[in-house]
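# Chains, contacts and geometry: an overview
Residues per chain, in single letters:
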Amino acid sequence: MSAIYLDYNATTPVDPQVAEAMLPYVHGLFGNPSSSHGFGLAAREGVDLARSQVAEVLGCRLDELIFTSGGTEANNHAIKGVAFAHRNRGNHIVTSAVEHPAVTEVCRYLETHGFRVTYLPVYEYGLVDVSQLKEALTKETILVTIMHANNEVGSIQPIAEIAEAAHAVGALVHTDCAQSVGKIPVNVDELGVDLLSIAGHKLYAPKGIGALYIRNGVRLEKFMHGASHEQDRRAGTENVIEMVGLGAACSLIHQNLAEYASHMREMRDRLEGQLLDFGVDARINGHQDLRLPNTSSISFRGVEADRILANLPTVAASAGAACHSDRVELSHVLSAMAVPLDYAMGTIRFSVGRFTTAEEIELAVGELSQVIRKLATAPLSAQAG
């Protein structure tokens, strides 16, 4: 049996239409976009088109968008850029307890450089309480950075409310949209943010490309030094091939988002419904409605997530916990959400995509139910089988 891929939040395949758009820049249009001759101008046209395609999805101006090497660089640029450019006004940053390491590790680094960081707790659905955010804000707060949608449980944060509260004290707002772009509408004005990060490999573009939205007037410390590429914000010869790929991927999203989201929701709901119909003792983590249409974090009571996956070689998914002989290592997201340990230890994240089929869901559910029932009747010490 061929493998069934249910880990689209980890990475997506390159959409065939995206690959097709990139091919001319692989084989012939190799010029440097900074060159003034025909080869360079042809490459520049590809970059300009890609920028307009990404900007169209986000609803921003062309000069508010720079390309990066991915979501991690975009997050680093945004957070460090604000911190070092505005530290004369304040040194306080607010984030959440459920951010991706590409945000939390940046914040930890800044703490070693004299910045004070508040890590907001989340309640049971993995969402920030805006009233707690308001209590945490001070006149020293220069940045609030909270992800749009969580990569593990899919919960969608109230970014517009967060932005309104932060702006009331003069703080800038950054949001990591690596998981949300391509699954739900993402518009910079509707969210009210000043900075926004995206990652190409989460939306059917190649790995190694991303983008950062920077609202006009926002001042950042430069992250990459060199020549004056990307409006003198990000030095380095443009990665034309992958920029074109990101642009093409965003164009597909702009044209087909409703269709993509509907299909993903149907596949996710089919997965959850069929699993629960098998009578396994399980719970779904995250908000029932304020959740990405493709993401399902399911906790199976009394079994170990890594053992489930080890006994399920045909299904690709992600474990939310790693169980050892003397301890259970939960993801920081499940810990922050206070998921009961007997459930949390058996948490698996399933994330479907635009290419997931109903047949794959049925096959995966059939295997999953058998494995979980077998493990549930075995002592934990014997679950390695």
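Just so it is clear, the model here is predicted, and its values are computed rather than measured.

Next up on the list: unusual backbone geometry. One non-glycine residue, Tyr204, lies in positive phi territory at about 75 degrees. Take Tyr204: it is sitting in the loop between β7 (195-199) and β8 (210-214). With a relative accessible area of 6%, Tyr204 lands in the buried category.

All right, on to the sheet that holds β7 then. With mixed pairing, the seven strands of this open sheet are ordered in space as β2-β8-β7-β6-β5-β3-β4. Where the open sheet ends on each side, the last strands, each with one partner, are β2 (65-68) and β4 (116-120). Taking the axes of each pair of neighbouring strands and ignoring which way they run, one obtains an average angle of 20 degrees across the sheet. Where strand β3 (residues 92-96) and strand β5 (residues 141-145) come together, three bridges link them in parallel fashion. Across the sheet, the residue bridging to His92 is Thr141, located in β5.

Glancing now at the side chain of Thr356. You can see Thr356 is positioned in the loop between β15 (347-351) and α13 (358-376). Here Gly353 takes part through its backbone nitrogen, which lies 2.9 Å from a polar atom of the side chain of Thr356. Not counting residues up to four positions away in its chain, the partners in contact with Thr356 are Tyr5, Leu6, Tyr8, His263, Met267 and Ile361.

Let us now look at the layout of surface pockets. Here the largest pocket is characterised by a volume of approximately 200 Å³. Residue lining of the largest pocket: 21 residues in total, with Gly71, His100, Ala178, Ala199 and Lys202 positioned closest to the centre. Among the elements that line the lining of the largest pocket, the one with the most residues is helix α3 (residues 71-86), at three residues. For the lining of the largest pocket, the class distribution of residues is seven nonpolar, 11 polar and three charged. Its boundaries defined by the atoms lining it, the second largest pocket holds a volume of some 150 Å³.

Turning our attention to empty space enclosed by the protein. A water-sized probe, rolled over the atoms, reveals where empty space remains. Scanning all chains against the criterion turns up one cavity of 30 Å³ or more. Around the largest cavity, the lining residues are Tyr8, Thr12, Val181, Gly182, Lys183, Lys202, Leu203, Tyr204, Met264, Asn294, Val352 and Gly353.

Below, the discussion takes up the packing of aromatic side chains. Per the stated rule, a full pass over the model turns up six aromatic pairs. Arranged with centres 5.5 Å apart and planes meeting at 35 degrees, the rings of Phe30 and Phe39 form a pair that is tilted. Classification of Phe30 as exposed rests on a relative accessible area of 61%. With 5.7 Å between their ring centres and 80 degrees between their planes, Phe84 and Phe115 make a pair best called edge-to-face. You can see Phe84 sitting in helix α3 and its partner Phe115 sitting in the loop between α4 (101-111) and β4, a full 31 residues away along the chain. According to the relative accessible area criterion, Phe115 is buried, its value standing at 4%.

Next up on the list: the packing of α3 against α4. Where α3 contacts α4, the axes come no closer than 9 Å and their chain directions differ by 30 degrees. It follows from the interaxial angle that α3 and α4 lie roughly parallel. Where α3 crosses over α4, the handedness of that crossing is right-handed. Here Thr72, Asn75, Asn76, Ile79, Lys80, Ala83 and Phe84 of α3 lie close against α4, whose contacting residues are Ala102, Val103, Val106, Tyr109 and Leu110. Classifying every residue of the contact of α3 with α4 by side-chain character gives eight nonpolar, three polar and one charged.

The next subject is the nonpolar core. One recurring pattern in soluble globular proteins is that nonpolar side chains are buried together. By size, the foremost hydrophobic cluster in this structure holds 88 residues, and its most contacted members are Leu58, Leu196, Leu246, Phe300 and Phe350. It is helix α9 (residues 240-277) that contributes the most residues to this core, 15 residues altogether. Membership of the second largest hydrophobic core comes to 21 residues, among which are Val82, Ala83, Ile142 and Leu172.

Let us look at the confidence of the model for the chain. Per-residue pLDDT for the chain has a mean of 93; in total, 96% of the residues score no lower than 70. Within the model, the stretch residues 381-385 combines pLDDT values under 50 with 11 contacts to residues more than four positions away or in other chains.

This next bit is on the sheet that holds β15. The four strands are arranged β9-β10-β15-β12 in an open sheet whose pairing can be described as antiparallel. Only two strands of the sheet have a single partner each, and these edge strands are β9 (282-285) and β12 (318-319). Of the strands in this sheet, β9, β10 (295-300) and β15 touch α9, which is tilted by about 15 degrees from β10.

Quick notes on the rules
- Here the residue numbers are simple positions, counted from 1 along each chain's written sequence.
- Selection of residues for local features in this predicted model requires a pLDDT of at least 70, selection of side-chain atom pairs for listing and counting requires 80 or more, and totals for whole chains, interfaces and linings are taken over all residues.
- Only hydrogens and water are set aside when side-chain values are computed; all heavy atoms of the structure are taken into account.
- Strands are runs of DSSP state E lasting at least two residues, helices are runs of H or I lasting at least four, and both sets are numbered from the N terminus onward.
- Think of it in three bands: residues with accessible area under 20% of the maximum for their type are buried, residues over 50% are exposed, and the middle band is partly exposed, with areas taken using a 1.4 Å probe on protein chains only.
- For two strands to pair, DSSP has to find at least two bridges joining them.
- Only C-alpha atoms enter the line fits that serve as axes; for helices the fit covers just the stretch in contact. Angles between N-to-C directions range over 0 to 180 degrees.
- Here a polar contact is taken to be a pair of N or O atoms separated by no more than 3.5 Å, where protein atoms must pair a possible hydrogen donor with a possible acceptor and residues adjacent in sequence count only if both atoms sit in side chains.
- Residue contacts are counted whenever heavy atoms from the two residues lie within 4.5 Å of one another.
- Think of a 1 Å grid over the protein atoms and nothing else: a 1.4 Å probe that fits but is trapped marks a cavity, an open set flanked by protein within 12 Å on at least five of seven lines marks a pocket, and residues with an atom within 4 Å of a point count as lining.
- Grid points are joined across faces, edges and corners, and a volume is the space filled by probe spheres set on the points.
- Each residue gets one label: Ala, Val, Leu, Ile, Met, Phe, Trp, Tyr, Cys and Pro are nonpolar, Asp, Glu, Lys and Arg are charged, and the others, such as Gly, are polar.
- Here a Phe, Tyr or Trp ring, Trp counted by its six-membered ring, pairs with any other such ring whose centre lies within 6.5 Å, and the pair is stacked when the planes are under 30 degrees apart, edge-to-face when over 60, and tilted otherwise.
- Should an angle lie under 35 degrees it is considered roughly parallel, over 145 roughly antiparallel, and from 65 to 115 roughly perpendicular; all remaining angles are considered oblique.
- Throughout, a crossing is termed right-handed when the near helix is turned clockwise from the far one, and left-handed when it is turned anticlockwise from it by less than a right angle.
- Nonpolar cores are built from buried Ala, Val, Leu, Ile, Met, Phe, Trp, Tyr and Cys residues. Side-chain atoms within 4.5 Å join them into one set.
- Here pLDDT means the predictor's own confidence in every residue, given as a number from 0 to 100.

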